Amino acid sequence: MARDPETIEREIEQARNALASTLDQLGTKANPRKLADQASQGIRAKLNEPKIKFPLIGVGALIGVLLLRKLFR
């Protein structure tokens, strides 16, 4: 059964609108600035965890002591 041209045009217009909406959403999700900000926030959150934070402070202090020791020898 053949469809009338108006129905086909309406379906094409709906498909175009859906595609445009999808492309807008992908553009928003794939924004490099947004991705970088999310990665930065994730790293900061991970570094603020006590299991990570305190050992890093300890390693930094140890490196500082070793550098000072080497400088004054």
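Residues numbered from 1 in each chain as written. Predicted model: local features only at pLDDT ≥ 70, side-chain atom pairs only at ≥ 80, totals over all residues. Heavy atoms only, no water.

1. Digging into a nonpolar patch on the surface
Side chains of Leu 19, Leu 23 and Leu 26 sit close together on the surface and give an oily, nonpolar patch of about 300 Å² of accessible area. Topologically, Leu 26 is positioned in helix α1 (residues 5–29). (Patch = residues over 30% accessible without salt bridge, like charges linked within 9 Å, V, L, I, M, F, W, Y side chains within 5 Å. Areas by Shrake-Rupley, 256 points an atom, 1.4 Å probe, with all protein chains shown as cover. Salt bridge = Lys/Arg side-chain N within 4 Å of Asp/Glu carboxyl O. Helix = DSSP H or I, 4+ residues; strand = E, 2+ residues; numbered from the N terminus.)

2. A look at the environment of Pro 55
Along the chain, the position of Pro 55 falls in helix α3 (residues 50–71). For Pro 55, a relative accessible area of 42% gives the class partly exposed. When the C-alpha positions of Pro 55 and Lys 70 are compared, they lie 22 Å apart, and in sequence the two are 15 residues distant. (Buried < 20%, exposed > 50% of the residue type's maximum accessible area, 1.4 Å probe, protein only.)

3. Structural notes on the pattern of salt bridges
Applying the stated rule across the entire model yields two salt bridges. Linking Glu 13 and Arg 16 is a salt bridge whose minimum nitrogen-to-oxygen distance equals 3.6 Å. Placement of the pair is Glu 13 and Arg 16 together in helix α1, with a separation of three residues, close to one helical turn. The class for Glu 13 is partly exposed, based on a relative accessible area of 39%. Residue class for Arg 16 comes out exposed when judged on its relative accessible area of 53%. A salt bridge links Lys 46 to Glu 49; the shortest N-O distance between them is 3.9 Å. Its relative accessible area of 45% is what places Lys 46 among the partly exposed residues.

Nothing here speaks to function; it is all geometry.
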